[in-house]
Amino acid sequence: MIPIASPVLEKEEIDAVVGVLRSRHLVQGKIVEQFEKQLAEVVGVKHALAVSSGTAALHLALLAHGIGPGDEVITTPFTFIATANAVLYTGARPVFADICDDTLNLDPSAIEAKITKRTKAILPTHLYGCPADMAALHEIASNHHLAIIEDAAQAIGAAIGNKPAGSFGTGCFSFYATKNITTGEGGAITTDHDEIAEQVRMLRNQGQRAKYDHPVLGYNYRLTDLQAAIGLAQLNRLEEFTSKRIANAGYLNANLPSGITPSTPAGYKHVYHQYTIRVRTGRDEVATFLNAAGIGTGIHYPIPVHKQQLYVGLGYNGTLPVAERASSEVLSLPVHPSLTTQDLETIVQEVRKCLPL
Ligand SMILES: *Cc1c(COP(=O)(O)O)cnc(C)c1O
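Given the structure is predicted, the values throughout are model-derived calculations rather than measurements.

Visitor: What should I look at first to understand empty space enclosed by the protein in this one?
Guide: To locate leftover empty space, one rolls a probe as large as a water molecule over the atoms. Enumeration according to the criterion identifies 1 cavity of 30 Å³ or more in this entry. The calculated volume of the largest cavity comes to roughly 90 Å³. Forming the walls of the largest cavity are 13 residues, and the residues nearest its centre are S6, P7, K179, N180 and R245. When the residues that make up the lining of the largest cavity are grouped by side-chain class, the tally is 6 nonpolar, 5 polar and 2 charged.

Encoded structure:
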(Lines give C-alpha, C1' and ligand atoms only; values in the text may rest on other atoms or scores of the structure.)
Protein backbone atom coordinates (compact mmCIF):
# COMPACT_ATOMS: atom_id res chain seq x y z
CA MET A 1 0.00 0.00 0.00
CA ILE A 2 1.26 3.50 -0.82
CA PRO A 3 0.11 5.39 2.29
CA ILE A 4 -1.58 8.80 2.04
CA ALA A 5 0.79 10.11 4.74
CA SER A 6 4.02 8.86 6.27
CA PRO A 7 6.04 10.87 8.80
CA VAL A 8 9.81 10.86 8.13
CA LEU A 9 11.44 10.00 11.46
CA GLU A 10 15.05 8.93 11.27
CA LYS A 11 18.29 8.99 13.23
CA GLU A 12 18.18 12.76 13.80
CA GLU A 13 14.78 12.61 15.52
CA ILE A 14 15.61 9.49 17.53
CA ASP A 15 18.95 10.89 18.75
CA ALA A 16 17.31 14.19 19.65
CA VAL A 17 14.66 12.49 21.78
CA VAL A 18 17.22 10.26 23.49
CA GLY A 19 19.28 13.36 24.26
CA VAL A 20 16.33 14.96 26.04
CA LEU A 21 15.60 11.76 27.98
CA ARG A 22 19.21 11.60 29.14
CA SER A 23 19.05 15.28 30.20
CA ARG A 24 16.03 14.41 32.42
CA HIS A 25 14.45 17.75 31.51
CA LEU A 26 11.22 16.72 29.81
CA VAL A 27 8.84 19.69 30.08
CA GLN A 28 8.90 23.10 28.35
CA GLY A 29 12.44 24.42 28.63
CA LYS A 30 15.53 25.26 26.59
CA ILE A 31 14.72 22.94 23.67
CA VAL A 32 11.28 24.52 23.29
CA GLU A 33 13.00 27.92 23.25
CA GLN A 34 15.41 26.79 20.53
CA PHE A 35 12.55 25.37 18.50
CA GLU A 36 10.66 28.67 18.82
CA LYS A 37 13.69 30.70 17.76
CA GLN A 38 14.26 28.60 14.67
CA LEU A 39 10.55 28.55 13.78
CA ALA A 40 10.35 32.36 14.07
CA GLU A 41 13.22 32.59 11.56
CA VAL A 42 11.51 30.24 9.12
CA VAL A 43 8.25 32.22 9.33
CA GLY A 44 10.08 35.57 9.25
CA VAL A 45 8.49 36.95 12.42
CA LYS A 46 9.69 38.24 15.77
CA HIS A 47 7.97 35.65 17.97
CA ALA A 48 7.01 31.99 17.75
CA LEU A 49 5.28 30.45 20.76
CA ALA A 50 5.08 26.67 20.93
CA VAL A 51 1.88 25.08 22.24
CA SER A 52 0.47 21.59 22.61
CA SER A 53 -1.51 21.43 19.33
CA GLY A 54 -2.66 23.40 16.32
CA THR A 55 -6.09 23.61 17.94
CA ALA A 56 -4.55 25.17 21.07
CA ALA A 57 -2.69 27.63 18.81
CA LEU A 58 -5.96 28.75 17.20
CA HIS A 59 -7.71 29.01 20.58
CA LEU A 60 -4.95 31.14 22.13
CA ALA A 61 -4.50 33.32 19.04
CA LEU A 62 -8.20 34.21 19.19
CA LEU A 63 -8.06 34.85 22.95
CA ALA A 64 -4.91 36.96 22.61
CA HIS A 65 -6.82 39.16 20.15
CA GLY A 66 -9.50 39.62 22.79
CA ILE A 67 -12.14 37.62 20.92
CA GLY A 68 -14.95 36.28 23.09
CA PRO A 69 -18.72 36.10 23.65
CA GLY A 70 -20.71 38.42 21.37
CA ASP A 71 -17.97 38.57 18.73
CA GLU A 72 -18.02 37.09 15.24
CA VAL A 73 -15.13 35.64 13.25
CA ILE A 74 -15.44 35.13 9.50
CA THR A 75 -13.92 31.85 8.39
CA THR A 76 -14.03 29.12 5.77
CA PRO A 77 -16.44 26.18 5.90
CA PHE A 78 -13.99 24.08 3.87
CA THR A 79 -11.36 23.25 6.48
CA PHE A 80 -10.66 20.86 9.31
CA ILE A 81 -13.32 21.39 12.00
CA ALA A 82 -10.72 22.66 14.53
CA THR A 83 -10.57 26.03 12.71
CA ALA A 84 -14.18 26.87 13.54
CA ASN A 85 -14.31 24.98 16.85
CA ALA A 86 -11.54 27.22 18.22
CA VAL A 87 -13.88 30.18 17.66
CA LEU A 88 -16.64 28.37 19.58
CA TYR A 89 -14.22 27.70 22.48
CA THR A 90 -13.90 31.48 23.01
CA GLY A 91 -17.68 31.97 23.09
CA ALA A 92 -17.58 33.86 19.79
CA ARG A 93 -19.52 32.80 16.69
CA PRO A 94 -17.87 31.51 13.52
CA VAL A 95 -19.50 33.02 10.42
CA PHE A 96 -18.87 31.04 7.26
CA ALA A 97 -18.17 32.65 3.88
CA ASP A 98 -17.91 30.56 0.71
CA ILE A 99 -14.66 29.56 -1.00
CA CYS A 100 -13.05 30.08 -4.42
CA ASP A 101 -13.76 27.29 -6.87
CA ASP A 102 -10.12 27.02 -8.02
CA THR A 103 -8.01 27.21 -4.83
CA LEU A 104 -10.80 26.14 -2.43
CA ASN A 105 -9.58 28.90 -0.10
CA LEU A 106 -11.78 31.58 1.49
CA ASP A 107 -13.27 33.81 -1.25
CA PRO A 108 -12.52 37.48 -0.47
CA SER A 109 -15.54 38.58 -2.53
CA ALA A 110 -17.84 36.58 -0.24
CA ILE A 111 -16.64 38.28 2.94
CA GLU A 112 -17.96 41.84 2.76
CA ALA A 113 -21.58 40.64 2.93
CA LYS A 114 -20.83 38.76 6.16
CA ILE A 115 -19.33 41.69 8.08
CA THR A 116 -21.44 43.07 10.95
CA LYS A 117 -20.79 45.34 13.94
CA ARG A 118 -19.79 42.21 15.85
CA THR A 119 -17.12 41.04 13.39
CA LYS A 120 -13.67 41.06 15.00
CA ALA A 121 -11.45 38.92 12.79
CA ILE A 122 -11.00 37.00 9.55
CA LEU A 123 -9.67 33.47 9.93
CA PRO A 124 -8.57 31.96 6.60
CA THR A 125 -7.06 28.48 6.28
CA HIS A 126 -4.16 28.01 3.85
CA LEU A 127 -5.83 24.86 2.60
CA TYR A 128 -3.63 21.92 1.57
CA GLY A 129 -0.57 24.19 1.94
CA CYS A 130 -1.62 26.82 -0.63
CA PRO A 131 -1.86 30.34 0.82
CA ALA A 132 -5.23 32.10 0.83
CA ASP A 133 -5.50 35.42 -1.08
CA MET A 134 -3.86 37.47 1.67
CA ALA A 135 -3.65 40.74 -0.29
CA ALA A 136 -7.41 40.86 -0.77
CA LEU A 137 -8.11 39.67 2.78
CA HIS A 138 -5.71 42.24 4.20
CA GLU A 139 -7.47 45.05 2.35
CA ILE A 140 -10.88 44.02 3.71
CA ALA A 141 -9.45 43.59 7.21
CA SER A 142 -7.82 47.01 7.27
CA ASN A 143 -10.93 48.74 5.85
CA HIS A 144 -13.03 47.26 8.65
CA HIS A 145 -10.39 47.19 11.44
CA LEU A 146 -10.42 43.41 11.70
CA ALA A 147 -7.64 41.14 12.91
CA ILE A 148 -6.28 38.42 10.65
CA ILE A 149 -5.58 35.05 12.21
CA GLU A 150 -4.13 32.52 9.77
CA ASP A 151 -4.82 28.82 10.11
CA ALA A 152 -1.42 27.82 8.71
CA ALA A 153 -1.65 24.28 10.14
CA GLN A 154 -1.03 22.80 6.69
CA ALA A 155 1.22 25.53 5.35
CA ILE A 156 4.64 25.66 7.00
CA GLY A 157 7.09 26.89 4.35
CA ALA A 158 4.34 28.21 2.05
CA ALA A 159 4.61 31.81 0.84
CA ILE A 160 3.22 34.52 -1.41
CA GLY A 161 6.24 35.97 -3.18
CA ASN A 162 8.84 36.03 -0.40
CA LYS A 163 6.35 36.43 2.42
CA PRO A 164 5.81 33.23 4.43
CA ALA A 165 2.43 31.90 5.53
CA GLY A 166 2.00 32.75 9.19
CA SER A 167 3.55 36.23 8.79
CA PHE A 168 0.49 38.00 7.32
CA GLY A 169 -1.46 38.06 10.57
CA THR A 170 -1.24 35.97 13.71
CA GLY A 171 -0.12 32.57 12.41
CA CYS A 172 -1.28 29.22 13.80
CA PHE A 173 0.67 26.07 12.98
CA SER A 174 0.13 22.38 13.76
CA PHE A 175 2.80 19.72 14.14
CA TYR A 176 0.40 16.77 14.25
CA ALA A 177 1.91 13.49 13.03
CA THR A 178 0.76 13.83 9.41
CA LYS A 179 1.59 17.53 8.93
CA ASN A 180 4.59 18.63 6.80
CA ILE A 181 6.75 18.61 9.94
CA THR A 182 5.72 16.93 13.17
CA THR A 183 6.31 16.82 16.91
CA GLY A 184 3.73 14.02 17.38
CA GLU A 185 1.19 16.50 18.71
CA GLY A 186 2.10 20.16 18.82
CA GLY A 187 1.51 23.62 17.48
CA ALA A 188 2.74 27.20 17.48
CA ILE A 189 1.61 30.80 17.19
CA THR A 190 3.67 33.30 15.19
CA THR A 191 3.48 37.08 15.52
CA ASP A 192 5.47 40.31 15.22
CA HIS A 193 3.53 41.85 18.10
CA ASP A 194 5.04 41.79 21.57
CA GLU A 195 1.63 42.09 23.30
CA ILE A 196 0.13 39.12 21.44
CA ALA A 197 3.23 37.07 22.23
CA GLU A 198 3.03 38.06 25.91
CA GLN A 199 -0.66 37.10 26.11
CA VAL A 200 0.00 33.71 24.51
CA ARG A 201 2.96 33.06 26.81
CA MET A 202 0.69 33.63 29.81
CA LEU A 203 -2.40 31.83 28.48
CA ARG A 204 -0.54 28.64 27.53
CA ASN A 205 0.81 28.34 31.07
CA GLN A 206 -2.23 28.64 33.38
CA GLY A 207 -2.46 32.41 32.93
CA GLN A 208 0.71 32.77 34.98
CA ARG A 209 2.51 36.14 34.90
CA ALA A 210 5.13 35.38 37.56
CA LYS A 211 5.42 32.23 39.65
CA TYR A 212 2.02 31.48 41.26
CA ASP A 213 0.69 34.87 40.14
CA HIS A 214 -2.30 34.29 37.82
CA PRO A 215 -4.09 37.46 36.67
CA VAL A 216 -6.22 35.66 34.04
CA LEU A 217 -7.77 32.26 33.27
CA GLY A 218 -5.18 30.27 31.35
CA TYR A 219 -4.69 26.71 30.17
CA ASN A 220 -2.06 23.99 30.14
CA TYR A 221 -1.22 24.17 26.45
CA ARG A 222 2.55 23.75 26.86
CA LEU A 223 4.75 21.78 24.49
CA THR A 224 7.43 19.53 26.04
CA ASP A 225 11.18 19.56 25.36
CA LEU A 226 10.76 15.95 24.18
CA GLN A 227 8.39 17.09 21.44
CA ALA A 228 10.43 20.20 20.61
CA ALA A 229 13.51 18.02 20.09
CA ILE A 230 11.66 16.14 17.35
CA GLY A 231 10.46 19.48 15.98
CA LEU A 232 13.98 20.92 15.79
CA ALA A 233 15.24 17.88 13.89
CA GLN A 234 12.24 18.18 11.55
CA LEU A 235 12.71 21.95 11.05
CA ASN A 236 16.30 21.28 9.97
CA ARG A 237 14.88 19.13 7.19
CA LEU A 238 11.93 21.35 6.25
CA GLU A 239 13.46 22.50 2.96
CA GLU A 240 14.31 18.95 1.96
CA PHE A 241 10.78 17.74 2.82
CA THR A 242 9.12 20.68 1.08
CA SER A 243 11.13 20.42 -2.12
CA LYS A 244 10.27 16.71 -2.35
CA ARG A 245 6.58 17.47 -1.90
CA ILE A 246 6.76 20.16 -4.59
CA ALA A 247 8.66 17.86 -6.96
CA ASN A 248 6.16 15.02 -6.38
CA ALA A 249 3.26 17.39 -7.05
CA GLY A 250 5.04 18.64 -10.18
CA TYR A 251 5.27 15.10 -11.50
CA LEU A 252 1.58 14.46 -10.80
CA ASN A 253 0.58 17.81 -12.38
CA ALA A 254 2.56 16.98 -15.51
CA ASN A 255 1.20 13.45 -15.88
CA LEU A 256 -2.44 13.60 -14.76
CA PRO A 257 -5.28 15.04 -16.88
CA SER A 258 -5.11 18.82 -16.47
CA GLY A 259 -8.85 19.15 -15.74
CA ILE A 260 -8.47 17.45 -12.37
CA THR A 261 -5.16 18.78 -11.01
CA PRO A 262 -4.92 21.46 -8.29
CA SER A 263 -4.33 25.08 -9.31
CA THR A 264 -1.87 27.44 -7.66
CA PRO A 265 -2.05 31.22 -8.24
CA ALA A 266 1.04 32.75 -9.90
CA GLY A 267 3.71 33.73 -7.38
CA TYR A 268 2.29 31.47 -4.65
CA LYS A 269 4.43 28.78 -3.07
CA HIS A 270 2.17 25.77 -2.44
CA VAL A 271 3.80 23.24 -0.09
CA TYR A 272 1.39 20.38 -0.87
CA HIS A 273 0.42 19.19 2.56
CA GLN A 274 -2.22 17.48 0.43
CA TYR A 275 -2.26 16.93 -3.31
CA THR A 276 -5.96 17.08 -4.04
CA ILE A 277 -7.64 16.40 -7.38
CA ARG A 278 -11.24 17.17 -8.39
CA VAL A 279 -13.35 14.21 -9.53
CA ARG A 280 -16.56 15.70 -10.92
CA THR A 281 -18.57 12.47 -10.82
CA GLY A 282 -18.02 9.15 -9.06
CA ARG A 283 -15.36 10.38 -6.61
CA ASP A 284 -16.08 7.61 -4.09
CA GLU A 285 -15.83 4.91 -6.77
CA VAL A 286 -12.48 6.31 -7.90
CA ALA A 287 -11.25 6.23 -4.27
CA THR A 288 -12.37 2.60 -3.90
CA PHE A 289 -10.62 1.66 -7.17
CA LEU A 290 -7.36 3.35 -6.12
CA ASN A 291 -7.43 1.78 -2.65
CA ALA A 292 -7.90 -1.67 -4.24
CA ALA A 293 -4.89 -0.88 -6.46
CA GLY A 294 -2.80 -0.21 -3.35
CA ILE A 295 -2.98 3.58 -3.32
CA GLY A 296 -4.06 5.33 -0.14
CA THR A 297 -6.39 8.30 -0.61
CA GLY A 298 -8.06 10.88 1.60
CA ILE A 299 -11.09 13.15 1.42
CA HIS A 300 -10.34 16.61 2.78
CA TYR A 301 -13.14 17.22 3.65
CA PRO A 302 -16.29 15.14 3.06
CA ILE A 303 -18.60 17.44 5.08
CA PRO A 304 -18.16 21.24 5.13
CA VAL A 305 -18.08 22.56 8.69
CA HIS A 306 -21.47 24.33 8.49
CA LYS A 307 -23.08 20.97 7.57
CA GLN A 308 -21.54 19.09 10.52
CA GLN A 309 -24.13 17.87 13.03
CA LEU A 310 -22.59 20.09 15.74
CA TYR A 311 -23.12 23.22 13.63
CA VAL A 312 -26.57 22.26 12.36
CA GLY A 313 -27.49 21.78 16.02
CA LEU A 314 -26.21 25.30 16.73
CA GLY A 315 -28.64 26.66 14.14
CA TYR A 316 -26.41 26.95 11.08
CA ASN A 317 -28.67 26.40 8.07
CA GLY A 318 -27.24 28.48 5.22
CA THR A 319 -26.04 27.18 1.87
CA LEU A 320 -22.45 27.62 0.66
CA PRO A 321 -22.63 26.01 -2.78
CA VAL A 322 -18.93 26.10 -3.76
CA ALA A 323 -17.83 24.43 -0.52
CA GLU A 324 -20.65 21.90 -0.68
CA ARG A 325 -19.82 20.91 -4.26
CA ALA A 326 -16.09 20.67 -3.45
CA SER A 327 -16.78 18.31 -0.55
CA SER A 328 -18.29 15.77 -2.96
CA GLU A 329 -15.49 16.10 -5.56
CA VAL A 330 -12.12 16.36 -3.76
CA LEU A 331 -9.77 13.41 -3.54
CA SER A 332 -6.28 13.59 -2.04
CA LEU A 333 -3.50 11.41 -3.45
CA PRO A 334 -0.18 10.57 -1.77
CA VAL A 335 2.42 13.37 -2.20
CA HIS A 336 4.61 12.91 0.91
CA PRO A 337 8.43 13.02 0.76
CA SER A 338 8.89 9.23 1.07
CA LEU A 339 7.27 8.42 -2.29
CA THR A 340 9.53 6.65 -4.77
CA THR A 341 9.58 7.20 -8.54
CA GLN A 342 7.86 3.83 -8.82
CA ASP A 343 5.12 4.98 -6.40
CA LEU A 344 4.52 8.13 -8.46
CA GLU A 345 4.33 6.12 -11.70
CA THR A 346 1.85 3.71 -10.11
CA ILE A 347 -0.34 6.59 -8.88
CA VAL A 348 -0.42 8.17 -12.36
CA GLN A 349 -1.08 4.85 -14.10
CA GLU A 350 -3.96 3.88 -11.80
CA VAL A 351 -5.59 7.34 -11.77
CA ARG A 352 -5.45 7.43 -15.58
CA LYS A 353 -7.25 4.07 -15.72
CA CYS A 354 -10.33 5.53 -14.06
CA LEU A 355 -10.02 9.13 -15.26
CA PRO A 356 -8.71 8.81 -18.82
CA LEU A 357 -9.55 12.39 -19.90
C1 LIG B 1 -4.36 19.79 11.63
C2 LIG B 1 -5.21 21.00 11.51
C3 LIG B 1 -5.66 21.71 12.63
C4 LIG B 1 -5.54 21.20 14.03
O5 LIG B 1 -4.27 20.89 14.44
P6 LIG B 1 -4.05 19.86 15.66
O7 LIG B 1 -2.57 19.95 15.87
O8 LIG B 1 -4.50 18.52 15.18
O9 LIG B 1 -4.83 20.34 16.81
C10 LIG B 1 -6.36 22.89 12.44
N11 LIG B 1 -6.62 23.34 11.20
C12 LIG B 1 -6.22 22.69 10.10
C13 LIG B 1 -6.53 23.27 8.76
C14 LIG B 1 -5.52 21.49 10.21
O15 LIG B 1 -5.15 20.84 9.11
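Now that the structure has been shown, the text picks up again.
Visitor: In this structure, what is going on with the packing of aromatic side chains? I would like to understand it.
Guide: Applying the stated criterion across every chain, the model contains 8 aromatic pairs. Where F96 meets Y311, the ring centres are 5.7 Å apart and the plane angle is 75 degrees; that geometry is what we call edge-to-face. In this pair, F96 is assigned in strand 3 (residues 93–96) and Y311 in helix 10 (residues 309–313), connecting sequence segments 215 residues apart. The residues F96 and Y311 share a single accessibility class, namely buried. Between Y311 and Y316, the ring centres sit 5.4 Å apart and the planes meet at 70 degrees, which makes this aromatic pair edge-to-face. Through successive ring pairs, a cluster of aromatic residues spans F78, F80 and Y301. For the cation-ring pair, K163 lies above F168, with the distance from its terminal atom to the ring centre recorded as 5.2 Å.

Visitor: Would you take a moment to explain the domain arrangement of the chain for this structure?
Guide: The accessible area lost on association of the parts is a frequent measure of interface size. What the domain assignment lists for the chain is domain 1 (11–235) and domain 2 (238–354). On the side of domain 2, 34 residues touch domain 1, which itself brings 43 residues to the contact. Overall, the association of domain 1 and domain 2 removes approximately 3200 Å² of surface from exposure, summing both partners, and the carbon and sulfur fraction of that is 61%. Contact with domain 2 buries surface across domain 1, with F78, Y128 and N180 losing the most and accounting together for 22% of the total. At the surface where domain 1 touches domain 2, the tally comes to 2 salt bridges. The salt bridge involving D101 is made with R278; its shortest N-O contact spans 3.2 Å. Between domain 1 and domain 2 we count 20 residue pairs in polar contact (both at pLDDT 80 or more) in total. The set of elements that each furnish at least two residues to the side of domain 1 that touches domain 2 consists of helix 4 (82–89), strand 3, strand 6 (159–160) and helix 7 (225–235). Classifying every residue of the side of domain 1 that touches domain 2 by side-chain character gives 26 nonpolar, 10 polar and 7 charged.

Visitor: Could you clarify how one ought to interpret helix 4 in this entry?
Guide: Because each turn of an α-helix spans 3.6 residues, side chains separated by three or four positions in sequence point in the same direction. With 6 of its 8 residues buried, helix 4 lies for the most part within the structure. When we look at burial in helix 4, the residues that qualify are A82, T83, A84, N85, A86 and V87. Among the structural elements, helix 3 (54–64), strand 2 (72–75), strand 3, strand 4 (119–123), strand 5 (147–151) and helix 10 are those in contact with the buried residues of helix 4. G91 lies just past helix 4 and shows a positive phi near 95 degrees.

Visitor: What is the right way to look at the site of the ligand in this model?
Guide: Around the ligand, the surrounding shell holds 16 residues, and the nearest of these are G54, T55, D151, S174 and K179. Between the ligand and K179 there is a distance of 3.2 Å, counted from an oxygen atom to a side-chain nitrogen or oxygen. The leading source of residues in the shell around the ligand is helix 3, at 3 residues. Looking at side-chain class alone, the shell around the ligand contains 5 nonpolar, 9 polar and 2 charged residues.

Reading the values: rules and limits
Residues numbered from 1 in each chain as written. Predicted model: local features only at pLDDT ≥ 70, side-chain atom pairs only at ≥ 80, totals over all residues. Heavy atoms only, no water. 1 Å grid on protein atoms, 1.4 Å probe; cavity = no way out; pocket = protein on both sides within 12 Å on 5 of 7 lines; lining within 4 Å. Points joined across faces, edges and corners; volume = space filled by probe spheres on them. Nonpolar A, V, L, I, M, F, W, Y, C, P; charged D, E, K, R; others polar. Phe/Tyr/Trp six-rings, centres within 6.5 Å; stacked < 30°, edge-to-face > 60°. Helix = DSSP H or I, 4+ residues; strand = E, 2+ residues; numbered from the N terminus. Buried < 20%, exposed > 50% of the residue type's maximum accessible area, 1.4 Å probe, protein only. Lys NZ or Arg CZ within 6 Å of the ring centre and 35° of its normal. Domains from an automatic or database assignment. Contact = heavy atoms within 4.5 Å. Buried area = accessible area lost by both parts, 1.4 Å probe. Salt bridge = Lys/Arg side-chain N within 4 Å of Asp/Glu carboxyl O. Polar contact = N/O pair within 3.5 Å; in protein donor to acceptor, adjacent residues only side chain to side chain. Near = heavy atom within 4 Å.

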